Structures are given as C-alpha cells and as structure tokens.
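Structural description and commentary
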Amino acid sequence: MTTSILNADLHCHSVVSDGTLTPEALAARAKANGVELWALTDHDEVGGQLRAAAAARELGLRYLTGVEISVTFAGETVHIVGLGFDATDTRMTDGLHLTRGGREQRAREMADQLAKVGIANAYEGALRFVGNPELISRTHFARFLVESGVCKDTGEVFRRFLTEGKPGYVPHRWANLQQAIQWITDGGGVAVIAHPGRYRFTANEQYALFSEFKAHGGQGVEVVTGSHSTSEYLTYADMAIEFGLAASRGSDFHSPDESHTDLGALPYLPGKLTPVWELLADRIQ
Ligand code: AMP
Ligand code: MN
Ligand code: MN
Ligand code: MN
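Let us look at the structure shown here. These numbers were taken from a predicted model, which means no experiment stands behind them.

1. A short note on the sheet that holds strand E6 (residues 190-193)
On the basis of which strands lie adjacent, the open sheet formed by 5 strands has the order E4-E5-E6-E7-E8 and mixed pairing. Looking at strand neighbours, the two that pair on one side only are strand E4 (66-73) and strand E8 (246-250), the edges of this open sheet. Recorded for the sheet is a direction-independent mean angle of 40 degrees between the axes of neighbouring strands. Relative to strand E7 (residues 220-225), E6 runs parallel, the two sharing 2 bridges. Opposite Val192, over in E7, you have Gly220 as the bridge partner.

So, in structure tokens, the structure goes:
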C-alpha cells in the first residue's frame, strides 16, 4: 500500500471515549462510506480496539490499532495519535490509565464554574452522556448544555463555554510528549501529531513541537483532517516535507449529529507525501 490514493480514515471516536456510535457501528459506517483502511482512535483509551478490529475483519475492512493521547506541551493541550501499536502492551495501557486519572476532579471543577453562571448539576448532567466515567470530557458537558437548552449546538458551547477565558474551562496537565511517543513506539506503532492546525501556537512554539516530536521518535503528522481548512492541507503538507514526516488522513468523526466531516469523506493525501500507512504495512490487520 504505497499509494496516497487510498480512502484511509485513521482518526475517529466511539462511545468508549466521546463519540456517540459503538465501535461496530463505526466499522459499518466506514465500510458503507468506502473507507479502505480504518483506525478507531479513542481519547486516552484502547478499550474499544478488540471490538473495532473484530468488526472490521467481519466486514473485510483493513484495520490499524489506534489511540489519541492527550499531551501537555508549552502549556497547551496537544493530541498525539498512535497507530499500529500493540494495544495489549502494558506500557501503553498503564500510561493511558495514568493520563485518565484526574478527569473526574477536573469535571467537578468545571461543574462548579458552570454553577456560578447559573447552570446547575452539570457534572451529573454530563455523566449521563458518558460511557466510561474515567473519560468524562468537555464533549460530554457540551452535549448536556445542548440537551438542557443553554446552547443550540456543540459549536456554540465551545464558543461560549469550556474554552480558555470562558466559564467551565479548567486547565489540566496531561501526559508529556516524550512519554506518549514512547508508549506508541514501544508497542511497534507510529506516533502522529493530530490536527496541528488547531493549536494556538506561535510559529516558534509550533516549530518546537515538530522538532521535539521528531527528536523523540515521532514519524507522522495529520495533513488531511476534518479539523483542517483546505489551505491548512497545503501548510501541513509543506511541514511534513520540511520535517521528514509521513502524512496521515482522518475525519476525527465523533457523531452523525455533531461532526461536519463523515468517515471517509475527505480529499486524498497530496501525492508528493509519504502516507503513514507505508510505514505500517506489516501492522495492518
Ligand atoms: P477534553 O479532552 O475533555 O479536553 O475534551 C476535548 C474534546 O472536546 C475534543 O476531543 C473534541 O471532541 C471536543 N472539542 C474541543 N474543542 C471543540 C470545539 N471547538 N468544537 C467542538 N468540539 C470540541
Ligand atoms: Mn473528542
Ligand atoms: Mn483531537
Ligand atoms: Mn479526535
């Protein structure tokens, strides 16, 4: 699989983290949408991997293991996608367990802030949308704020709440960059910088992220993602070449009602890039 002309979707979320579909329903949707190589990348959790791989096998859909790890870099949250690693390796599962710790406390502080602006019982409200309480996230609060009529959609939630400077924002320290890359590479996988266009970094900070990522053994960057504009595809294609990184492609699909990019519904990778699946040929299931 050396071609960039492949409908690979290597980034999406299930009910195991903050998506609304099961791993099986995502596999079926990916297949129906023409995806040829798929990875489920739940936040900080690999509990859906066996189900996703089994569902993909049933459908004749090629599969790579996946995860999206929350990392703190230069005071910002950065997401690192891992692909093709051994999901049973305890260095990965122990590391993710530590990363998940603290979400409950953070969620309680988020709810306290929301209570101060007149939104009561947000912790309990968000919990009703959570599959795994260890993974309570801003997405679940967003669904509660929509359901309770405070906002019309999750986009409005993140404009008015839960982001820096707005009620309900509680900063958090996640894993560090080097550790997250190590967990992925220890298990034979490839680490990928997720949606680099989303971080509010200066040019220098972004350069530092790419340099340190590469120095610690990171090998890929998302170029074509549901989080990037068309001009960002070009920006990060150039960055991939500048830093000698392979390119990845993924919708970041969470929910049929919320996500504007469906599984498999993205342009192909630009042909001048090395697709990340070229590095993972022997890890495809
Ligand atoms: P957390 O890990 O609790 O900080 O939550 C992060 C999640 O919130 C992301 O994975 C997205 O699913 C969601 N999210 C963050 N910012 C936005 C946004 N502007 N619009 C929609 N969803 C967002
Ligand atoms: Mn998410
Ligand atoms: Mn992300
Ligand atoms: Mn994601």
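2. With respect to the coordination of the manganese ion (ligand 3)
Around a metal, the ideal angle is 109.5 degrees if four donors adopt a tetrahedral arrangement and 90 or 180 degrees if six donors adopt an octahedral arrangement. Here the manganese ion (ligand 3) is held by the protein donor atoms Glu68 (OE), His79 (ND1) and His195 (NE2), which lie 2.1 to 2.2 Å from it. Taken in sequence order, the residues that donate to the manganese ion (ligand 3) follow the motif E-x10-H-x115-H. In this structure, the manganese ion (ligand 3) lies 5.7 Å from the manganese ion (ligand 2). You can see His79 sitting in strand E5 (residues 76-83) and its partner His195 sitting in the loop between E6 and helix H9 (203-215), a full 116 residues away along the chain. For the pair formed by His79 and His195, the shared burial category is buried.

3. Things to note about the environment of Pro196
Locating Pro196 in the fold gives a position in the loop between E6 and H9. Taking the C-alpha atoms as reference points, Pro196 and Met110, 86 residues apart in sequence, are found 26 Å from one another. Beyond its immediate chain neighbours, meaning those up to four positions away, Pro196 contacts Gln206, Phe210, Val221, Glu222, His228 and Tyr236.

4. Some words on the site of ligand 1
Neighbouring ligand 1 are the residues Asp18, His43, Arg103, Arg106, Ser137, Arg138, Thr139, Phe158 and His254. A distance of 3.0 Å is found between an oxygen atom of ligand 1 and a side-chain nitrogen or oxygen belonging to Arg103. Here an oxygen atom of ligand 1 and a side-chain polar atom of Arg106 are 2.8 Å apart. For ligand 1, whose free accessible area comes to 500 Å², the fraction covered by protein is 76%. When atoms are counted within 2 Å of each cavity's grid points, the one that captures over half of ligand 1 is the largest pocket. For the shell around ligand 1, a count of residues per class yields 1 nonpolar, 4 polar and 4 charged.

5. Concerning the packing of aromatic side chains
Across all of its chains, the model carries 6 aromatic pairs by this definition. Considering the side-chain rings of Phe210 and Tyr236, the 6.4 Å spacing of their centres and the 15 degrees angle between planes classify their relative orientation as stacked. Of this pair, Phe210 sits in helix H9 while Tyr236 sits in helix H10 (residues 230-243), and the two are 26 residues apart along the sequence. The pair Phe210 / Tyr236 is uniform in exposure class, with both members buried. When the centroid spacing of 5.3 Å and the interplanar angle of 45 degrees are considered together, the rings of Phe210 and Phe243 count as tilted. Residue Phe210 is located in helix H9, and its partner Phe243 is located in helix H10; the two are separated by 33 residues in the primary sequence. Each member of the pair Phe210 and Phe243 is classed as buried. An aromatic cluster of at least three residues, connected via ring pairs, comprises Tyr207, Phe210, Tyr236 and Phe243.

6. Things to note about the pattern of salt bridges
For the structure shown, the criterion picks out 16 salt bridges. Glu76 is the partner of Arg200 in a salt bridge, and the nearest nitrogen-oxygen pair spans 3.8 Å. Of the two residues, Arg200 sits in the loop between E6 and H9 while Glu76 sits in strand E5, which places them 124 residues apart along the sequence. Its relative accessible area of 59% is what places Arg200 among the exposed residues. Residue class for Glu76 comes out buried when judged on its relative accessible area of 18%. In this structure, Arg198 engages Asp252 in a salt bridge whose closest nitrogen and oxygen atoms are separated by 3.7 Å. Of this pair, Arg198 sits in the loop between E6 and H9 while Asp252 sits in the loop between E8 and helix H11 (276-279), and the two are 54 residues apart along the sequence. Here the residues in one salt-bridge network are Glu45, Arg100 and Glu134, joined through shared partners.

7. Considerations on the sheet that holds strand E2 (residues 37-38)
Pairing within the open sheet is parallel, and its 3 strands lie in the order E1-E2-E3. Strand pairing shows two members of the sheet lacking a second neighbour, strand E1 (8-9) and strand E3 (62-63), which therefore form its edges. In this structure, E1 lies alongside E2, joined through 2 bridges in parallel fashion. By the bridge assignment for E2, Asp9 is matched with Trp38.

Cut-offs and rules
Along each chain, residues carry numbers from 1 onward, in the same order as the chain's sequence is written. Whichever chain is written first becomes A and whichever ligand is written first becomes 1, with later ones labelled in order. Predicted model: local features are reported for residues with pLDDT of at least 70 only, side-chain atom pairs are reported and counted for 80 or more only, and whole-chain, interface and lining totals are derived from all residues. Side-chain measures were taken over the full set of non-hydrogen atoms in the model, leaving aside hydrogen atoms and water. DSSP calls a pair of strands paired once it identifies at least 2 bridges connecting them. The numbering of helices and of strands both runs from the N terminus, where a helix is a DSSP run of H or I of at least 4 residues and a strand a run of E of at least 2. Lines fitted to the C-alpha atoms define the axes, with helices restricted to the stretch that makes contact. Angles between their N-to-C directions range from 0 to 180 degrees. Only nitrogen, oxygen and sulfur atoms count as donors, using a 2.8 Å cut-off from the metal that widens to 3.2 Å for Na, K and Ca. Water is left out, so coordination shells may look unfilled. The cut-offs for exposure are 20% and 50% of the maximum accessible area for each residue type, with area from a 1.4 Å probe on protein chains only; residues under the lower value are buried, those over the upper are exposed, and the others partly exposed. Whether two residues touch is decided by their heavy atoms; if any such pair falls within 4.5 Å, the residues are in contact. For this description, a residue counts as near a given molecule or strand if any of its non-hydrogen atoms is within 4 Å of it. In protein, a polar contact means a hydrogen-donor-capable atom and an acceptor-capable atom, both N or O and within 3.5 Å, with residues adjacent in sequence counting only if both atoms are side-chain atoms; elsewhere, any N or O pair within 3.5 Å suffices. Note that accessible areas follow from Shrake-Rupley with a 1.4 Å probe, and for residues the cover is restricted to the protein chains shown. A cavity, in this analysis, means grid points on a 1 Å lattice covering only the protein atoms where a 1.4 Å probe fits yet has no way out; a pocket is instead an open set bounded by protein on both sides within 12 Å along at least five of seven lines, and a residue lines either one if it has an atom within 4 Å of a point. To decide whether a molecule occupies a pocket or cavity, check its atoms: if more than half lie within 2 Å of the grid points, it is inside. Only Asp, Glu, Lys and Arg are considered charged, only Ala, Val, Leu, Ile, Met, Phe, Trp, Tyr, Cys and Pro nonpolar, and every remaining residue, Gly among them, polar. Pairing of aromatic side chains here covers Phe, Tyr and the six-membered ring of Trp, requires ring centres within 6.5 Å, and sorts the geometry by plane angle: under 30 degrees stacked, over 60 edge-to-face, intermediate tilted. A carboxyl oxygen of Asp or Glu within 4 Å of a side-chain nitrogen of Lys or Arg is what we treat as a salt bridge.

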